[in-house]
Amino acid sequence: MRLRFTKMHGLGNDFIVIDGISQRIRLSEDKIRRLADRRFGVGCDQILLVEVPQNPDVDFRYRIYNADGSEVENCGNGARCFARFVIERKLTGKRDIVVETANGIMTLHTLDNGDVRVNMGEPRLTPSEIPFTADQQAVTYALPLSSTTLEISAVSMGNPHAVALVDDVNTAPVEQWGPEVESHPLFPQRVNAGFMQIVSRQEINLRVYERGSGETLACGTGACAAVVAGRLRNLLDSVVKVNLPGGSLTIEWQGEGQTVLMSGPATHVFHGQVKI
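Residues numbered from 1 in each chain as written. Predicted model: local features only at pLDDT ≥ 70, side-chain atom pairs only at ≥ 80, totals over all residues. Heavy atoms only, no water.

Identification of the chain as Diaminopimelate epimerase from Pseudomaricurvus hydrocarbonicus is taken from an unreviewed UniProt entry. UniProt annotates the chain under Sequence similarities (unreviewed entry) with the comment "Belongs to the diaminopimelate epimerase family." (UniProt positions renumbered as here; feature names shortened; annotations may be inferred.)

To continue, consider the pairing of strand β7 (residues 104-110). The sheet contact formed by strand β6 (residues 96-101) and β7 spans 6 bridges and is antiparallel. Within β7, the residue paired with E100 across the bridge is I105. As defined by bridge partners, β7 adjoins strand β8 (residues 116-119) across 4 bridges and the pair is classed as antiparallel. Its bridge partner being in β8, T110 is matched across the sheet by V116. Adjacent in sequence and paired antiparallel, β7 and β8 are bridged by 5 residues, among which G114 carries a positive phi angle near 95°. (Pairing = 2+ DSSP bridges. Helix = DSSP H or I, 4+ residues; strand = E, 2+ residues; numbered from the N terminus.)

As a rule of thumb, nonpolar side chains are buried together in soluble globular proteins. Ranked by internal contacts, the top residues of the largest apolar core, which has 51 residues, are Y62, L108, V242 and I251. Of the residues forming this core, the biggest block, 7 residues, is contributed by helix α4 (residues 220-232). Of all hydrophobic cores here, the second largest spans 21 residues; its members include A154, V169, V181 and V191. (Core = buried A, V, L, I, M, F, W, Y, C linked by side-chain atoms within 4.5 Å. Buried < 20%, exposed > 50% of the residue type's maximum accessible area, 1.4 Å probe, protein only.)

It is worth spelling out the side chain of T6 at this point. Checked against the element boundaries, T6 lands in strand β1 (residues 2-10). For T6, a relative accessible area of 2% translates into the label buried. Within the structure, T6 has its side chain in polar contact with the side chain of H271 (distance 2.7 Å). Residue contacts for T6: discarding those within four places in its chain leaves F15, I16, V17, F85, H268, F270 and H271. (Polar contact = N/O pair within 3.5 Å; in protein donor to acceptor, adjacent residues only side chain to side chain. Contact = heavy atoms within 4.5 Å.)

Structure (structure tokens):
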């Protein structure tokens, strides 16, 4: 079986995007891991699948698979690439695209400059909805690790995030702390670990160790979760520039009860075919 795909990235967070509408797709966890392998496959952080929606009121179904084969609920950088993909492949002529995900409905809007704005929905802060094990909801929680205890905020942007403040993202031991936070027993479905440095009330630096993929060059939901965490701590304004290793995103959140808006680029790399 030959599979047609497109390689894309959002600030270096890279994806294999597959049209599951015009071709029949059967992807097992093993096939996903082989496709995502950077030495023996195409290579990517996540695989994005475009499907016919189950809900007749939306345009597409948007499915996301990590490099380890696990399916996840949301991916912000992937959502921007998804929008550019369905437009460039002429699967739609709309500028406002409504998609269904494992977490619910998401709206994608293409801007005049080619960037994409994604309505990421309302952040979830109740521990049971993240999910996170805690006696009660709080702005921050103590998360014990093998060598230290991190003060984290726990946020769901359709997928779980733990956000910790650090003095400098360049010197923070992300390689050590990231895997420990990701698989921490207080997060029963594992978690994306974000490490945030406050530059000003309008700007942060961020590194994210993603669940199932390791540290990536950019994480859209991680950027959203970091801004929510910073806003809850009264450290940030409502519109924030988030600098990630792969580039910058603009995140807007007016506060509790409001949705999070993420704006940034999505880049096509190449089209290809692979035998699986």
